[in-house]
Structure formats: structure tokens, C-alpha cells
Amino acid sequence: MIRTIIASAFQTGYLSVESEGLLQQVLATKCYQSEDLPDLAALYDAVRAGQIKREASSSSVLMEFPLPYKSC
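As the structure is a prediction and not an experimental result, all values here were calculated from the model.

**Brief notes about helix α3 (residues 36-49)**
Inference 1: Here α3 contains 14 residues, and its C-alpha end-to-end distance of 20 Å stays within 8% of the 20 Å for a straight helix at 1.5 Å per residue.
Inference 2: If you check which residues of α3 are buried, you get D36, L37, L40, L43, A46 and V47.
Inference 3: Here the buried face of α3 lies against α1 (2-12), α2 (17-29) and β2 (53-54).

Below you can see the structure in the form of C-alpha cells.
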């Protein structure tokens with residue numbers, strides 16, 4: 001699921017409110033794979049650099065970079 005959300009954000013140039021919410025849920029439960037971390041880092045960097053726009057108008061942080069992780 002994480003890779004699909006990230007791929008969509010890079011394809012469209014936007015991170016929807018729904019997608020961001022799903023990412024936050026996955027990160028909050030720490031249910032992701034170590035292989036997801038580089039993709040999450042790339043998304044985080046792209047949002048910070050303005051390459052991907054957040055649909056959410058909130059100025060809050062997109063997400064905290066996840067560590068440690070566990071697989072579900």
C-alpha cells in the first residue's frame with residue numbers, strides 16, 4: 001500500500017489528503033517494511049523540496065520519519 005501511494009504522488013505531483021491520512025495511519029501503527037523506508041524518505045524529501053504538493057492546507061509536518069519499524 002505504501003509504495004502505491006508514493007508512486008501515485010510522484011506520478012501526479014500531489015499527495016492527497018486521503019493518501020496522507022493512510023500514510024499517517026500506517027506510520028502510527030509502525031506496520032511497514034524496511035524496504036519502504038527509502039521510498040518514504042524520497043516522498044518526504046520531494047514534499048519538502050516542493051516537487052510534490054500536499055493537498056492538505058495544514059502547515060503541520062507531513063510525517064515523522066519512521067524508525068524503528070516492524071513488519072505486520
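**Some remarks on the nonpolar core**
Generally speaking, nonpolar side chains in soluble globular proteins are found buried as a group.
Inference 1: Of all hydrophobic cores here, the largest spans 15 residues; its most connected members are I2, L15, L23, Y32, L40, L43 and I52.
Inference 2: Put simply, the parts of the chain that give this core at least two residues each are α1, α2 and α3.
Inference 3: Top element by residues in this core is α3. It accounts for five residues.

**Thoughts on the pattern of salt bridges**
Inference 1: In this structure the tally under the stated criterion is three salt bridges.
Inference 2: Its salt-bridge partner being D36, residue R3 comes within 3.4 Å of it at the nearest N-O pair. Here the residue R3 occupies a position in helix α1, and D36 occupies one in helix α3, the gap between them amounting to 33 residues.
Inference 3: Judged by relative accessible area, which is 45%, R3 ranks as partly exposed.
Inference 4: In the salt-bridge network here, residues are joined through shared partners; they are R3, D36 and D39.

**Observations regarding α2**
Inference 1: In this model α2 runs 18 Å from its N-terminal to its C-terminal C-alpha over 13 residues, within 8% of the 18 Å that 1.5 Å per residue would give.
Inference 2: For α2, the set of buried residues is S19, E20, L23, V26 and L27. The buried residues of α2 occupy an angular sector of 125° when projected down its axis, which confines them to one face. Looking at α2, the residues exposed on the side facing more than 90 degrees away from the buried face are E18, Q25 and A28.
Inference 3: If you follow the buried residues of α2, they end up packed against α1, β1 (14-15), α3 and β2.
Inference 4: Positive backbone phi, approximately 55°, marks K30, located one or two places after α2.

What counts as what
Residues numbered from 1 in each chain as written. Predicted model: local features only at pLDDT ≥ 70, side-chain atom pairs only at ≥ 80, totals over all residues. Heavy atoms only, no water. Helix = DSSP H or I, 4+ residues; strand = E, 2+ residues; numbered from the N terminus. Expected span 1.5 Å × (residues − 1). Buried < 20%, exposed > 50% of the residue type's maximum accessible area, 1.4 Å probe, protein only. Contact = heavy atoms within 4.5 Å. Core = buried A, V, L, I, M, F, W, Y, C linked by side-chain atoms within 4.5 Å. Salt bridge = Lys/Arg side-chain N within 4 Å of Asp/Glu carboxyl O. Arc of directions from axis to C-beta.

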